[in-house]
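The residues making up each chain are set out below.
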Amino acid sequence: MKKLRYLLKNPLSSLAVKAAIFGSFLALVKIGDFGLAPILFFLLSAGFLYSQPIFNSFALLSSFGVLTVLSLIGAKTIDGLFIFVIADIFFSFLFYLILGLKNLAFISRGQWYSALNLFLFYATFVIFFLSDRGGYFIPKSLVVFFAAFLLFREFVKFSAPEFKRRNLIAWVLALVIFEAVWAVSLLPLGFLNSANLMILPVFILSDLASRYVKGSLSRRAILVDVSIFILLMLTIFIASKWTV
């Protein structure tokens, strides 16, 4: 009991306990074969864990919403106990990051948030390409589009809270990602290499958008980002095993 009380009093340990509960309830959804009751219980529990304390709850609401939906879709999509356990731990870790950023428990919050944002994008792409590409392609690609919009809008707000045109930038960037997803879907790549390829434009666009809203975008920064993008894209293409 004393150890439990100590864990709950320690901010980071308390967040880890909440993240473990999040992962456990997600596992119950999987065990319960995605019945309505386990799903509702998971959603209500996740919402309660996120909102306590209520302070700063709106700051990362988009990340929390995207993670919650991704967790359910991922749990439904992933087959195999071992892979699901790895995914469940990963989703729990992302929930831990969201709680830590929301509750101001981390130093260098900007770097942690950038990592969280990229992880959420990567999880989105992995789940998208892991699922059957031929089934419900348009609805799934629209889910990617709206997830990208929410994540980009939150990213811009986090980077420059005073910037007013964040919705416009988020729509444009999300549209670019939407079109890129369609293009990559036509390539004979595995789901991991497809996700790796898709995370490149997210990384570059996020960096350029961050510089733009902060007023530090330059021609040199654009050339460096484009060069990095081309180099990494070629590396992925060379390392990929092409299948038809």
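This one's a predicted model, so the numbers in the text were calculated from it and none came from an experiment.

J.: Mind showing me how you'd approach helix H2 (residues 11-31) here?
T.: Because the α-helix completes a turn every 3.6 residues, residues three or four places apart line up on one side. In this model, H2 (21 residues) spans 30 Å end to end at C-alpha, consistent with the 30 Å of a helix rising 1.5 Å per residue. Of the residues making up H2, those classed as buried are Ser14, Leu15, Lys18, Ala19, Phe22, Gly23, Leu26, Ala27 and Val29. Just downstream of H2, Asp33 is the residue with a positive phi angle, here 55 degrees.

J.: Please clarify how the domain arrangement of the protein chain should be interpreted in this entry.
T.: The figure often quoted for interface size is the accessible area lost as the parts come together. Its domain assignment divides the protein chain into domain 1 (1-106) and domain 2 (125-243). One C-alpha centre belongs to domain 1, the other to domain 2; they are set 25 Å apart. Between domain 1 and domain 2, the contact holds twelve residues from the first and eight residues from the second. Both sides of the domain 1 and domain 2 interface together cover about 840 Å² of buried area, and 75% of this is carbon and sulfur. Ranking the residues of domain 1 by area buried against domain 2 places Ser62, Val66 and Thr77 at the top, with a combined share of 48%. Here domain 1 is connected to domain 2 by zero salt bridges.

Scoring rules and cut-offs
- Residues numbered from 1 in each chain as written.
- Predicted model: local features only at pLDDT ≥ 70, side-chain atom pairs only at ≥ 80, totals over all residues.
- Heavy atoms only, no water.
- Helix = DSSP H or I, 4+ residues; strand = E, 2+ residues; numbered from the N terminus.
- Expected span 1.5 Å × (residues − 1).
- Buried < 20%, exposed > 50% of the residue type's maximum accessible area, 1.4 Å probe, protein only.
- Domains from an automatic or database assignment.
- Contact = heavy atoms within 4.5 Å.
- Buried area = accessible area lost by both parts, 1.4 Å probe.
- Salt bridge = Lys/Arg side-chain N within 4 Å of Asp/Glu carboxyl O.

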